[in-house]
Every structure is written in structure tokens, then in C-alpha cells.
Amino acid sequence: MATCNLILDSCCDLPFELIDRPGVELIEFPYVMSDGEHLDDLCRTTSAHEFYQAMRDGEEPTTAQIAFAVFQETFGRAIESGVPTVYLSFSSGLSGSFDTACLVRDQLLAEHPDAELYVVDTLQASVAEGFLVYEALRQHDRGLTARELAEWASEARFFVDAEFMVEDLEALRRGGRIPASVAYAGSKLDVKPLLTIATDGKLSLAGVARGRKKGLKQLAEYYFKRRAADDSGRFAIVAHADCPKDAERLKELVSKEDGSVLFLDCNIGPVIGSHVGPGMIAVVFWGPDRREELSVADRIARKVKGV
């Protein structure tokens, strides 16, 4: 039996039916198109295909942080309910929304010192965040308390491994997620960039592929190279930005080597999609502790910071 409530945000890019359950609330990130502001409701109002087709037709959507008032209202309801609550937030490395959430939490807890409200930075984005959320929901159903669930997520986030391929880097450049020089170099080389999410929650270039077919093969190889040896469940998320045939091909490549893998299919939603554009494809799974792969210099920096 669940002993706490969960608050999630729409940058997790999970199917809505997975999170539509008692004790779970969704905060919807905003995005803006030429016809005005929209809310990312996990593709319920606007399908993924409709959104990406608009981008192909020239639409250049922009995104915004979750408003202070939205956090006030949502967290306020959580405290009024009297049920301990955990918010699993979109990466602080890609948005300032986490900082806003912490500010609102601190203000409300100062007024209600006996309340339990935890805000966890997932340090993940899109379906990598969704993978952590999906597993957190399982732990929630198993009866972890709010404190235990917050501690679980704070540790588990470093074992979520993801790699994704984008068609090009222009959308990421336009959104300020990568330097213009990197996007320019990628376009000139005519390659498909392979990206991952670093331990600080920011995007990191993991490699390049000469064409999508080779890129799909490299994603499958990444999965087999990185998956956790003791993950007997063999569960993975395969997600895409309106390229379902490529998603099926990626699953075929993985299943050809290991037919025991269970897949969850997801669409990349409009907020993440605004920054990656049509054609992104991703694979997410349990991997090794990514903190152990830090360089010597980074390990020293973490020690100095007391992390």
C-alpha cells in the first residue's frame, strides 16, 4: 500500500495512462507555438505526430520554466492533504524549474514545519527521467515512505543510463542547449549525433554515427555494452520523436541479441521535442553507477565540494 503521494512533471515523457493513478499528480510544462501557449499534457491534446509535423513545416516552438505560482498551488495542495509527498523534478542541468521548486518548498515548509515535502532533482530528462519515474512508481506501490522514496530516487538516478540520436543539432543550438560551434561542426560533417546525460544533468556528446542505420546499430551496441550485469529484469524504454519505424528497428536489433528484454514504448513530448526536433530516438535502461566514471579531476572537485 502506498504511504505517500508523488508529483511528476511532463518532461518525463511517459504515456499518461501509466501515471494516471490515485496519489500521483502531473505538473505540465508550457511551450509556445505561433498560435500561442500550450501545456505539455503528454500528447493527449496534440499528438506527437501533429507536433513534429508542424516543426517539419517550419514551426519553431519555444519552451518556458514552470511558473512559481504553479508550484505554489501544487505544493500547497500536497501540504493541505496531510500526506507526505515527493516531487521528482526535471534536471536542474537543463532547466531552472528545479530551483523554483526548491524555493517554493522552503517557503511552504517554513509556514508548515511539520509537513513532509521532498523535492528531488532527477538529473535526467525526457524518457531517462521517465525511466526513473516509472521505477519510482513501482517503489511507491510497494510502500516506501516519502523519505525513503526521495532517498531511493537520489541514489537510483545515477544508475539510469541513456543514449539518444538526433537528426541534427540545430534545434538544440536554437534552444541554447549546446554551443553554436558544436552544431555547426556537426552539420558540416553530415553525421548523426549521439548524446547522453552527464552526472550533472546536462547534455553530453557521446559520439557520432554516419547515417541513421549505423546510428541505430550503435544505440543497440551501447545498450549491450552498458546494461547492468545484475539487472535480471532486462527492462528498457525505447522512445522516439515521430519515427516509429526506427523505434521498431532498434527493438529488433536489441531483441536479436537478447529476446528476454521487455520494452516500454514512449513518445518524446513537445517540450523536449522543441529542443531535439523530429527524428530523435532513445534507449534507456539500468546501467552501472555513472559516478564511478568521473575523471580524476572531477572526483577531486566532488570531494572538495563534499559531495
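Just so it is clear, the structure is predicted and the values come from calculations on it, not from any experiment.

A. Structural context of the sheet that holds strand S9 (residues 192–197). Ordered by their spatial adjacency, six strands build an open sheet running S10-S9-S8-S13-S11-S12, and the pairing between neighbours is mixed. On the outer flanks of this sheet lie strand S10 (203–209) and strand S12 (262–267), each paired with one strand and no other. Here the average twist between neighbouring strands, direction ignored, is 20°. Those strands touched by helix H9 (residues 212–226) are strand S8 (160–165), S9, S10, strand S11 (235–240) and strand S13 (281–286), and its axis lies near 170° from that of S8.

B. Structural context of the layout of surface pockets. Here the second largest pocket defines a volume of roughly 300 Å³. Around the second largest pocket sit 26 residues that line it, and Phe90, Leu94, Ala125, Ile272 and His275 are the ones nearest its centre. At four residues, the largest contribution of residues to the lining of the second largest pocket is made by helix H11 (residues 270–276). Each residue belonging to the lining of the second largest pocket can be placed in one class, and the counts come to 18 nonpolar, six polar and two charged.

C. A look at the side chain of Glu163. Examined against the element boundaries, Glu163 turns out to sit in strand S8. The buried charged residue Glu163 lacks any salt bridge partner; its closest oppositely charged side chain belongs to Arg226, at an N-O distance of 8.1 Å. Beyond its immediate chain neighbours, meaning those up to four positions away, Glu163 contacts Leu194, Leu195, Ala206, Gln218, Leu219, Tyr222, Ile281, Ala282 and Val283.

Each value, and the rule that gives it
- Residues numbered from 1 in each chain as written.
- Predicted model: local features only at pLDDT ≥ 70, side-chain atom pairs only at ≥ 80, totals over all residues.
- Heavy atoms only, no water.
- Pairing = 2+ DSSP bridges.
- Helix = DSSP H or I, 4+ residues; strand = E, 2+ residues; numbered from the N terminus.
- Axes fitted to C-alpha atoms, helices over the stretch in contact; angles between N-to-C directions.
- Contact = heavy atoms within 4.5 Å.
- 1 Å grid on protein atoms, 1.4 Å probe; cavity = no way out; pocket = protein on both sides within 12 Å on 5 of 7 lines; lining within 4 Å.
- Points joined across faces, edges and corners; volume = space filled by probe spheres on them.
- Nonpolar A, V, L, I, M, F, W, Y, C, P; charged D, E, K, R; others polar.
- Buried < 20%, exposed > 50% of the residue type's maximum accessible area, 1.4 Å probe, protein only.
- Lys, Arg positive; Asp, Glu negative; His and termini not counted.
- Salt bridge = Lys/Arg side-chain N within 4 Å of Asp/Glu carboxyl O.

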